[in-house]
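# Architecture at a glance
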Amino acid sequence: GGERGGMLAAATVEHASHCVLRLAARLTHREGAVESTVRLLGRLPAGFTDAAGDVPGPSAAADGRGGRRGEGGLPVLSPKAAAALGAEMAAMLLAGGGAGLATRGTWLGLVRFAAAVSASADERGARAGSEALSSLCSHSAHACPLHESLPELWPLLLLHARACRTPAHCERAVGLMADVHARLREETAGGGGEAPSEEWRADWLLVLRGFCSLCLDTRLPCRDAPLLALQRAVLAGDPPALPPAVWAEAFEQAVFPLLTELLRQWVAATDAAEQERLMLRGVTLLSKAFLHHLSGLLSLRSFHLLWLRALELLEQFLRAPQSELLAEAVPETLKNMLLVMGASGAFESRARVGDTPQTLAQLTAAVVETMCPQLSGSPDLAGLWHEAQPAAAPAVAAA
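Residues numbered from 1 in each chain as written. Predicted model: local features only at pLDDT ≥ 70, side-chain atom pairs only at ≥ 80, totals over all residues. Heavy atoms only, no water.

## Describing the overall build of the chain
What counts here: The secondary structure listing takes helices from DSSP runs of H or I that are at least 4 residues long and strands from runs of E that are at least 2 residues long, numbered from the N terminus. Throughout, exposure labels follow a simple rule: accessible area from a 1.4 Å probe, protein chains only, divided by the maximum for the residue type, with under 20% read as buried, over 50% as exposed, and the rest as partly exposed. We call two residues in contact when some of their heavy atoms are within 4.5 Å. Computed by Shrake-Rupley with a 1.4 Å probe, the accessible areas treat only the displayed protein chains as cover when residues are assessed.
Secondary structure assignment for the chain yields 16 helices and 0 strands. Every one of the 399 residues in the chain was classed for burial, and the buried ones make up 49%. Across the chain, contacts joining residues at least 24 apart in sequence account for 74% of those joining residues at least 6 apart. Approximately 18,100 Å² of the chain is accessible, and the part contributed by carbon and sulfur atoms is 54%.

In structure tokens:
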């Protein structure tokens, strides 16, 4: 009775979904047709279950984490339904060339549906949903500026990436996210060289945190892809007039938390070799990003705090239990960072930093002596620790 009724209800929804999408495919050239179709799609019950299990819903937090689906969430379709509906949607969008996507609501409605279809356990359905999602992202300009839709689009792209079941599919999903980030940069660069707005800066940090969340998702079949995308994002040419304070935020909100979580995962890692390799890439990311933005970061009054936090993380990675790879790599990474900072004049100031009675060079020397004594006495670094003694107090004349 009840089970049969549920099956009939699901079949009815599948049939209705097919009809709605076929109608949309035929009427994309008519004004308002797609908008009406999307409204119908939004009323479809979210009752299907993906054979692969829980999939994070679009109403989850900004970093894409979350439960099965939120209130008013997307339909997570059966493999058979997703394959058929995804194929219909991909055909509709690729043939329509963006026709009818005149409003932000219409565009986002189709993006939500494409993201749900891409989460199908059926390979054909997932591929079709991915194609539709990619097509929609390329036509976002028909609906609204990308930066206006990013807070809603980015969690959907994270949903799409987290549903990937093969490395190739994962690389394509992360590649789509990287393309969206690149277009966001281009859109902002067209603003005449003005400083980015607060909204754009928030979007940019949202992107970095999203890549970090994928790097930390142990279910992802290819965690290298988001880590590479994150590295490219932080090492790319500076966005227009992006101030050093925002790069400091990028370290505090994305890079530092990423390394902290990678270290935490190491303790319970089931694949030690894979986790160790990711940790090494995380150390490399920290070093490259820090040195890439060094000249701007040095202008911050709080630079010493940022630097001490980086040193603290490097020390924690150096002490990671049973990791010969990190024990060898971290001292070399630290030595390179010190040499580049020395050549950049970072340790030349005789001013005391913060509330301490020490210069940056003295603070660094004390940390390195405790963390890595063999580096402290290295001939290559010996000159760094004596270049900047604190300025002496003025002498008092004899009576």
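## As for the confidence of the model for the chain
For clarity, the cut-off: Scored from 0 to 100, pLDDT records how confident the predictor is in each individual residue.
When the pLDDT values of the chain are averaged, the result is 76; 66% of them are 70 or greater. Every residue in residues 45–76 is under pLDDT 50, and counting partners more than four places away or in other chains gives 72 contacts. Ignoring residues within four places in sequence, the model shows residues 390–399, a span with pLDDT below 50, making 8 contacts including any to other chains.

## A look at the pattern of salt bridges
The line we're drawing: The term salt bridge refers to a pairing of a side-chain nitrogen on Lys or Arg with a carboxyl oxygen on Asp or Glu at a separation within 4 Å.
For the structure on display, the rule yields 11 salt bridges. For Asp217, the salt bridge identified is with Arg219, shortest N-O distance 3.2 Å. Residue class for Asp217 comes out buried when judged on its relative accessible area of 7%. With a shortest N-O distance of 2.9 Å, Glu261 and Arg264 are connected by a salt bridge.

## Some words on the state of the cysteines
The line we're drawing: Counting rule for disulfides: a pair of cysteine sulfur atoms within 2.5 Å.
This model, assessed by the stated rule, comprises 0 disulfides. With no disulfide of its own, Cys212 lies closest to Cys215 among cysteine sulfurs, the gap being 5.8 Å. The buried category is assigned to Cys212, whose relative accessible area is 6%.

## Points about the packing of aromatic side chains
Filter applied, for reference: A pair of aromatic rings is counted whenever rings of Phe, Tyr or Trp (Trp by its six-membered ring) have centres within 6.5 Å, and the orientation is called stacked for planes under 30 degrees apart, edge-to-face for over 60 and tilted otherwise. Consider the ring centre and the ring normal. A charge sits over the ring if Lys NZ or Arg CZ is within 6 Å of that centre and within 35 degrees of that normal.
Within the structure shown, the criterion is met by 6 aromatic pairs. A centroid spacing of 5.5 Å and a plane angle of 85° characterise the contact between Trp154 and Phe211, whose relative ring orientation is edge-to-face. Here Phe211 lies in helix 8 (residues 198–215) and Trp154 lies in helix 6 (residues 146–162), a separation of 57 residues in the sequence. With a relative accessible area of 0%, Trp154 lands in the buried category. Considering the side-chain rings of Phe251 and Phe290, the 5.7 Å spacing of their centres and the 70° angle between planes classify their relative orientation as edge-to-face. Highlighted residues: Phe251 in helix 10 (residues 244–267) and Phe290 in helix 11 (residues 272–292), separated in sequence by 39 residues. By the burial criterion, Phe251 is buried, and Phe290 matches it. Residue placement shows Arg309 over the ring face of Phe256; its charged tip is 6.0 Å from the ring centre.

## Things to note about the environment of Ser344
What counts, and what does not: Polar contact is the term for a pair of N or O atoms within 3.5 Å; when the atoms are in protein, one must be able to donate a hydrogen and the other to accept it, and sequence-neighboring residues count only if both atoms are side-chain atoms.
With respect to the secondary-structure elements, Ser344 resides in the loop between helix 14 (324–343) and helix 15 (360–371). Judged by its relative accessible area of 43%, Ser344 is partly exposed. Polar contacts involving the side chain of Ser344 include one to the main-chain carbonyl oxygen of Val340, which spans 2.9 Å.

## Describing the nonpolar core
Just so we agree on the cut-off: Only buried Ala, Val, Leu, Ile, Met, Phe, Trp, Tyr and Cys residues count toward a nonpolar core, and they belong to the same one when joined by side-chain atoms within 4.5 Å.
Formed by 99 residues in total, the largest nonpolar core has its most connected members in Trp154, Leu258, Phe290 and Trp307. Setting aside chain neighbours within four positions, we find Trp307 in contact with Phe290, Leu334, Met337, Leu338, Met341, Phe347, Leu360 and Thr364.

## Considerations on unusual backbone geometry
One non-glycine residue, Gln322, lies in positive phi territory at about 55°. Its location among the elements puts Gln322 in the loop between helix 13 (303–318) and helix 14. The class of Gln322 is exposed, set by a relative accessible area of 79%.

## Points about the environment of Arg232
Within the secondary structure, Arg232 is located in helix 9 (residues 224–235). Taking the C-alpha atoms as reference, Arg232 lies 9.7 Å from Leu285; in sequence the two are 53 residues apart.

## Side note on the side chain of Ser213
Summarising the element assignment, Ser213 is placed in helix 8. Engagement of the side chain of Ser213 in a polar contact is seen with the backbone oxygen of Gly210, the distance being 2.7 Å.

## Structural notes on the packing of helix 11 against helix 14
Heads up, the rule is: As a rule, the C-alpha atoms of each element are fitted with a line to give its axis, helices using only the stretch in contact, and angles between N-to-C directions run from 0 to 180 degrees. Oblique is the label for any angle not under 35 degrees, not over 145, and not in the 65 to 115 range, which are roughly parallel, roughly antiparallel and roughly perpendicular in turn. Residues are grouped as follows: nonpolar covers Ala, Val, Leu, Ile, Met, Phe, Trp, Tyr, Cys and Pro; charged covers Asp, Glu, Lys and Arg; every other residue, Gly included, is treated as polar.
Taken N-terminus to C-terminus, the directions of helix 11 and helix 14 make an angle of 5°; their axes are 11 Å apart at the nearest point. With respect to their mutual orientation, helix 11 and helix 14 come out roughly parallel. Along the contact surface, helix 11 presents Glu276, Met279, Leu280, Val283, Ser287, Phe290 and Leu291, while helix 14 presents Glu324, Leu325, Leu326, Ala329, Thr333, Asn336, Met337, Val340 and Met341. Residues of the contact of helix 11 with helix 14, tallied by class, amount to 11 nonpolar, 3 polar and 2 charged.

## Description of the packing of helix 8 against helix 9
This is how it is decided: Handedness of each helix crossing follows the sense of rotation of the near helix against the far helix: counterclockwise by less than a right angle gives left-handed, clockwise gives right-handed.
Between helix 8 and helix 9, the shortest axis-to-axis distance is 8 Å and the interhelical angle comes to 155°. With respect to each other, helix 8 and helix 9 are oriented roughly antiparallel. For the pair helix 8 and helix 9, the sense of crossing is left-handed. When helix 8 is examined against helix 9, the residues Leu208, Phe211, Cys212, Leu214 and Cys215 are found in contact with a partner set consisting of Pro226, Leu227, Ala229, Leu230, Ala233 and Val234. Taken together, the residues of the contact of helix 8 with helix 9 break down into 11 nonpolar, no polar and no charged.

## A look at helix 9
Applicable threshold: By this rule, a helix spans an expected 1.5 Å times one less than how many residues it contains.
Counted at 1.5 Å a residue, the expected span for helix 9 with its 12 residues is 16 Å, and the 16 Å between its end C-alpha atoms agrees. What helix 9 keeps buried is the set Ala225, Pro226, Leu227, Ala229, Leu230, Gln231, Ala233 and Val234.

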